[in-house]
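Spelled out from the first residue to the last, the chains are:
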Amino acid sequence: MGAQKKGATARVSEDPEELARNPLQAILLADSFATTFRPITLERPKVLLPLVNIPMIDYTLAWLESAGVEEVFVFCCAHSKQVIDYLESSQWSSQPNFSVATIESHNSISAGDALRLIYERNVIHGDFVLISGDTVSNMLLTQALQEHKERKKKDANAIMTMVVKQSKPSPITQQSRLGTDELFMAINPVTKQLLCYEDKAEYSKGFISLDKTLIADNPSIILHNDKQDCYIDICSQEVLSLFTDNFDYQHLRRHFVKGLLVDDIMGYKIFTHEIHSSYAARIDNFRSYDTISKDIIQRWTYPSVPDVLCGSTAIKVERQGTYRASDVTLSRSAHVGSFTFIGQGTKIGNDTKISHSVVGEGCTIGSNVTIEGSYIWNNVTIEDGCQLRHAIVCDGVIMKSGAVLQPGVILSFKVVVGQQFVVPAYSKVSLLQQPTQQDSDEELEYADSTSGTGELQSEKLNGDIAPDLSETASELGTGGVGYIWSVFEGVQDEEWRHSVAPIPTDKLVKLMLDEDEEQLTQDGNVLSASGELKADSDDNGSEDENNEDSRDDYVFFEKEVEATFLRAVHENVKVDHAVLEVNALRLSYNMASVDCAGAIFYSMMKLAVESPHSSASELHKNAAEMITKWQKLLKSFLHDIDEEIEVILKFEEMCLESAKEFAALFPQVLHLLYDKEILQEDAILRWADEKEGADESDKVFLKRSEKFIQWLKEAEEEDDDD
Amino acid sequence: MPDTQALVNDFISKLKKRKIEGSQATAKQTAELLRSVISQTRVPYTNQAAALIQSVKAVGERLIAANPVELAVGNVVRRVLHIIREEDLSLTTAAMAGLNLSAVSDDEDDADRDNQPVLSAAAIAAASRSTLRPPSLQTLLEDVPDSAAIPHTSSSGGDSEGKSKSADKSSRSRKLKHDVIEAVNELIQDISTCHEQIAEQAVEHIHQNEVILTLGSSRTVLEFLCAAKEKKRSFRVFVSEGAPRYQGHLLAKELVTRGLQTTLITDSAVFAMISRVNMVIVGAHAVMANGGVIAPVGVNMVALAAQKHAVPFVVLAGSHKLCPLYPHHPEVLLNELRSPSELLDFGEFSDCLDFGSGIGAPLLHVVNPTFDYVQPKLVSLFITDTGGHNPSYIGEMYRLFVVSARGEGMNFKSEIMRTNCIAEGNFFGKLEDRKSRFL
């Protein structure tokens, strides 16, 4: 007791110094505010998912502790109760000189909200480390912290230091080894100031723009594409207040970092700290889960490796990077290959082959099973003859004999796969049904499992899921339990990018070919086929064919044009201004004027259809009015015949798809356009000629407007006669 | 209690995170920690020794589990346990001697003693000696026959101690704790001065104009070489750099500042240079019971080179590095694999480690072991703080020290040690050979 008292008084005497030197604090976001780990994250928060058999958050906390952080605020949102319960029962609640406090919130939907809430709590008193709970690192913080503090002393505007690490992106897939998009960073090599931060979403337009003033201010700028963002930030207090001031900041990188870099009104600066020998990476998607697991097994994260973290008596490292717990029951004929982790109490049967995989605790694996590059969590039962390749299998899953998982499959908690059933590649299977709301990408990103999941969760907790499952049992073969989630359209093609499975060779070959093709077309227009209208008109056209992205771009562009047009109509904007606006859009989306014409015409006709009308003649009148009123706008984008033909094609397309009501009026409208001198007769005749050779089904409108064309031809002849 | 608990936890987490470098620092800190554990342990009126042993054991087991590769921790724990038993024994026998003299003794005690009258006498003699001079490894080594007898009496001593109801118990209990702490202090002293004691012997081994080769960096080696230099010996040192941590560079720098003629070579040049070398002197991580050495990676190669050219291979080791375990014992973790980033730059090789393309499995495997195992037959001489020893004598030293500590056994199975093991050196050599190639 006496000694304790002494300690206490000693501490008091030290206090003034202590106060001057604020204890290092950290904010740990125990929610990724993303949906990349669905369906698993519907039932368990991402930070508690096992990474080589240890929950991710343990790696992060272990690092924070060894880096000298004394106070950690864990912000939990989705499944906050699970996180809090886990932390309370874990070793972290009883560490000396390392306190872990939780901050709970149920209505935060982004990192921005989280930081605003923490600012309100007023718990951060100095520089802090901002990290998310799925980061693995072994870097030393002292140097980075020192640099940050010195910079801060010299320049009060240096509010953030971002940790980066070299990592080359793949030249073929344009993504890093962690499955994240290629990242461009412009850094001043002397001051290490970050000047530009662009990830793929932004540079899909094909170029990055650097402000000229940047070059004026910085004598040299190095543009990197081989830097990986480690998502470890050392921030000053101002960062929190900035988030509060700018309540629209949601995403740490997309809004906050970009915001600071682009609006230099505030004058705040971000710096980078590059680490070389140490390791840091964040688990963003299934691919990075795979990559980081392998890095851990290969000991890049030492001392954050399983045998050290779990008290080394329990787990031993053997030849070829095989980790084995002490009480594994292994059949004599079973073969455990290299870079494999086998957890406690797991039983493995005869002739089973396991390689490059992680098998958790208490699993039962039968005979003749093949497991390759897979992650099997705890208490999983795999019966005889199953085959698993590059899959993630969560707690409590049962695979009946002979079941097969193709690459990239995710089996969520307690799913049962029926006998001999083959789960197709990249499918995600869960006991919970897929949430039906199909938010736009952006919203989905932020509105993680808070609302939807909470309900699902409680539903699940309430007990019987079995009744509603009985009807869908067949989805996973006889005796199977679970739903196979369907993949959103458009995402499907991209699934291989972020999956645990390696990228199939055919995809790589295709990507490589695409690239070559693109280069060819750009180099010498080799592929711009003469017969095709689009290809003729512009280089962009042929790229459209190849490049999914620019196809998407066109859709966006069309929407933008439509919005602009509607505004012009409703607010009575002058035609000249509308032309300027559309032109600006054209430049920013890198489109040709032919696209503008198509888009404008499309918007006009759409508006005509949408405005009230009772009969076909009224619709015709609407269209006529519209065309009369806005003919100048349209004409300013119609410079040659090709563009006019594009308009006709567009109209034809509309009549087939979005505005079928016009189908009957096709010749009339065509005539109208001709009357208003929007379309020249040459254009119409050329269109007719082209269509002549087309399929019967394509000629529907040609036939309808036969009379009109006939008339045109005759008129032409008459002209000739004159 | 909470204070020590916090200290223990702190030390464990440091051990776990591999934050304590070097076996000397580890040994010293372990001893200091155990000292505070002992001083904080409340001893009951009866059987104080058992209470102390229990608390030290409990802490010791956790410490060993925290980093089994750091064998010095286990060594120190065993030494402290040994000290407690010794002190207890000496106190008991002293009391018994008093009882015998005054001829007032319980019947049971009499019966006990009657069983082994000769041994008891010997024990009393040993104990009276040890009260004059607290026992240490040194005493044990000097008094070979007596120490062998001590364990036999420990049971009778314990019994009689439990049953005797003498009035001076409270003073005795205080005395036991006090004595133990004194002895642990001495142990700490021993550990921190072992460099000097080893270095004192330097002039006997290093001769004028010799060429000495060493690998990596060891403080013991540094002190040893400098001690010889201070005694006006002039000699040259070849330092092998000790990849991948290149601590040899640091050693070379240090030697140069002390005025020694130093040559720095790469590890791969050892075989080329060995023919010019008169003696190899290296430090050790641990010395096993059979005389095998666990040393920084690369030392085995140096030892083989030395053997090839009949160059004496000398290992310097403080007594805290002597470990009573055999290297082929399954509980002994011989090695630790560190991060590959010490070998190569992650950024440069990141494209080789892209698991997204190819078969999804790493084709590149970087192995970075920390230690080498050197067979006893390759070692010419051990120099410890108790003097120079032949490898086979290490086992002998251990037998003396460990057998006495065996009494209540700390579940260190390999404490069962037979001298004939050493005679079977060849057989074990093969086993170890196989084990050292475990990568």
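For the structure itself, look to the data block above.
Remember, it's a predicted structure, so these values are computed and weren't measured experimentally. (Residues numbered from 1 in each chain as written. Chains lettered and ligands numbered in written order. Predicted model: local features only at pLDDT ≥ 70, side-chain atom pairs only at ≥ 80, totals over all residues. Heavy atoms only, no water.)

**Student:** Would you mind showing me how to read the interface of chain A and chain B here?
**Tutor:** A common way to express how large an interface is: the accessible area buried when the components associate. Listed per partner, the contact involves 41 residues of chain A and 43 residues of chain B. Summed over both sides, the interface of chain A with chain B buries roughly 3800 Å², with 56% coming from carbon and sulfur. Looking only at chain A, the three residues that lose the most surface to chain B are A:Arg177, A:Trp300 and A:Tyr302, adding up to 20% of its buried area. Our count for the chain A to chain B interface comes out at 2 salt bridges. The salt bridge partner of A:Lys168 is B:Glu348, with a shortest N-O separation of 4.0 Å. Linking chain A with chain B are 9 residue pairs in polar contact (both at pLDDT 80 or more). (Contact = heavy atoms within 4.5 Å. Buried area = accessible area lost by both parts, 1.4 Å probe. Salt bridge = Lys/Arg side-chain N within 4 Å of Asp/Glu carboxyl O. Polar contact = N/O pair within 3.5 Å; in protein donor to acceptor, adjacent residues only side chain to side chain.)

**Student:** For this particular structure, what's the right way to read the environment of B:Val299?
**Tutor:** All names here are of chain B. Mapped onto the fold, Val299 is located in helix H14 (residues 299-308). Val299 gets classed as buried once you look at its relative accessible area, which sits at 1%. Separated by 84 residues in sequence, Val299 and Ile383 place their C-alpha atoms 17 Å apart. (Helix = DSSP H or I, 4+ residues; strand = E, 2+ residues; numbered from the N terminus. Buried < 20%, exposed > 50% of the residue type's maximum accessible area, 1.4 Å probe, protein only.)

**Student:** How should I be thinking about the sheet that holds strand E19 (residues 341-342) of chain A in this particular structure?
**Tutor:** Hydrogen bonds between backbone atoms are what pair the strands of a sheet, whose relative direction is either parallel or antiparallel. Residues and elements named next belong to chain A. With respect to topology, 9 strands assemble into an open sheet ordered E15-E16-E19-E22-E25-E28-E31-E34-E35, the strand pairing being mixed. Looking at the sheet topology across the chains shown, the edges are occupied by strand E15 (315-318) and strand E35 (483-485). Across 2 bridges, strand E28 (residues 392-393) lies against strand E31 (residues 410-411) in parallel orientation. Looking at the pairing, Val393 lines up with Leu411 of E31. (Pairing = 2+ DSSP bridges.)

**Student:** I'm lost on the packing of helix H23 (residues 666-675) of chain A against helix H24 (residues 681-692) of chain A in this one. Help?
**Tutor:** Describing two packed helices takes the angle between their axes plus the distance from one axis to the other. Residues and elements named next belong to chain A. Packing of H23 against H24 brings their axes to within 10 Å, and their N-to-C directions diverge by 145°. Residues Phe666, Leu670 and Tyr674 of H23 form the contact with H24, whose own contacting residues are Glu681, Ile684 and Trp687. The class makeup of the residues in the contact of H23 with H24 is 5 nonpolar, no polar and 1 charged. (Axes fitted to C-alpha atoms, helices over the stretch in contact; angles between N-to-C directions. Nonpolar A, V, L, I, M, F, W, Y, C, P; charged D, E, K, R; others polar.)

**Student:** Help me understand the sheet that holds strand E4 (residues 279-283) of chain B in this model?
**Tutor:** All names here are of chain B. The strand order E3-E2-E1-E4-E7-E9-E10 describes an open sheet built from 7 strands, whose pairing is mixed. Of all the strands in the sheet, the pair left with one neighbour each is strand E3 (261-265) and strand E10 (387-389). The sheet shows a mean angle of 25° between the axes of neighbouring strands, taken without regard to direction. Two strands pair when backbone bridges link them, and strand E1 (residues 211-215) and E4 are joined in this way by 2 bridges, in the parallel orientation. Note that in E4 the partner of Leu213 across the bridge is Val280. Contacts between H14 and the sheet are confined to E1, E4 and strand E7 (313-316), with E7 contributing the most and set at about 145° to the helix.

**Student:** Could you clarify how one ought to interpret the state of the cysteines in this entry?
**Tutor:** Chemically, a disulfide is nothing more than a covalent bond linking the sulfur atoms of two cysteines. As enumerated under the stated definition, the model contains 0 disulfides over all chains in all. Cysteine A:Cys76 shares no disulfide, and the gap to the nearest cysteine sulfur, in A:Cys77, comes to 8.5 Å. Relative accessible area serves as the criterion here: at 0%, A:Cys76 is assigned to the buried category. Free of any disulfide, B:Cys352 has its nearest neighbouring cysteine sulfur in A:Cys230, separated by 19 Å. (Disulfide = S-S within 2.5 Å.)

**Student:** I'm lost on the packing of helix H20 (residues 593-610) of chain A against helix H22 (residues 641-656) of chain A in this one. Help?
**Tutor:** Residues and elements named next belong to chain A. Where H20 meets H22, the closest approach of the two axes is 9 Å, and the angle between their N-to-C directions is 40°. Compared by their axis directions, H20 and H22 come out oblique. In terms of crossing hand, the pair formed by H20 and H22 is right-handed. Taking contact as the criterion, the partners of Ser593, Val594, Ala597, Gly598, Phe601, Tyr602, Met605 and Lys606 in H20 are, on H22, Glu643, Glu646, Val647, Lys650, Phe651 and Met654. (Parallel < 35°, antiparallel > 145°, perpendicular 65-115°, else oblique. Left-handed = near helix turned anticlockwise from the far one by under 90°.)

**Student:** Help me understand the packing of aromatic side chains, please; the structure alone is not making it clear to me.
**Tutor:** Two aromatic rings are characterised by how far apart their centres lie and by the angle between their planes. All names here are of chain A. Applying the stated criterion to the full structure yields 13 aromatic pairs over all chains. Here Phe243 and Phe256 contribute two aromatic rings whose centre-to-centre distance is 4.7 Å and whose plane-to-plane angle is 20°, an arrangement assigned as stacked. In this pair, Phe243 is assigned in helix H8 (residues 238-245) and Phe256 in helix H9 (residues 252-262), connecting sequence segments 13 residues apart. With respect to class, Phe243 is no different from Phe256; both count as buried. (Phe/Tyr/Trp six-rings, centres within 6.5 Å; stacked < 30°, edge-to-face > 60°.)

**Student:** Would you take a moment to explain a negative patch on the surface for this structure?
**Tutor:** All names here are of chain A. Side chains of Asp689, Glu690, Glu692 and Glu706 sit close together on the surface and give a patch of like negative charge. For the negative patch, the element with the highest residue contribution is H24, accounting for 3 residues. Relative to the elements of secondary structure, Glu690 occurs in helix H24. By relative accessible area, Glu690 is classed as partly exposed at 37%. (Patch = residues over 30% accessible without salt bridge, like charges linked within 9 Å, V, L, I, M, F, W, Y side chains within 5 Å. Areas by Shrake-Rupley, 256 points an atom, 1.4 Å probe, with all protein chains shown as cover. Lys, Arg positive; Asp, Glu negative; His and termini not counted. Charge placed at Lys NZ, Arg CZ, Asp CG, Glu CD.)

**Student:** Explain H9(A) to me, please; I cannot follow it from the model alone.
**Tutor:** Turn by turn, an α-helix covers 3.6 residues, leaving residues three or four places apart pointing in a common direction. Counting buried residues along H9(A), 8 of its 11 residues qualify, which places the element largely inside the surrounding structure. Among the residues of H9(A), A:Leu252, A:Arg253, A:Phe256, A:Val257, A:Lys258, A:Gly259, A:Leu260 and A:Leu261 are the ones counted as buried.

**Student:** Any chance you could explain the nonpolar core here in plain terms?
**Tutor:** Inside soluble globular proteins, nonpolar side chains tend to come together where they are buried. All names here are of chain A. Membership of the largest hydrophobic core comes to 70 residues, with the highest contact counts inside it found for Ile382, Leu388, Met399 and Leu411. Non-local contacts of Met399, meaning those with residues more than four positions away in its chain, are made with Thr381, Ile382, Glu383, Cys386, Leu388, Leu405, Leu411 and Val417. Residues Val561, Leu633, Phe666 and Ala688 belong to the second largest nonpolar core, which totals 59 residues. (Core = buried A, V, L, I, M, F, W, Y, C linked by side-chain atoms within 4.5 Å.)

**Student:** Can you walk me through H8(A) in this structure?
**Tutor:** Residue and element names in this part refer to chain A. Listing the buried residues of H8 in full gives Val239, Leu240, Leu242 and Phe243. For H8, the angular spread of buried residues about the axis comes to 160°, placing them on one side. Structurally, H8 contributes buried residues whose contacts are with strand E1 (25-29), helix H4 (111-121), strand E6 (128-132), strand E8 (158-166), strand E12 (227-235) and H9. (Arc of directions from axis to C-beta.)

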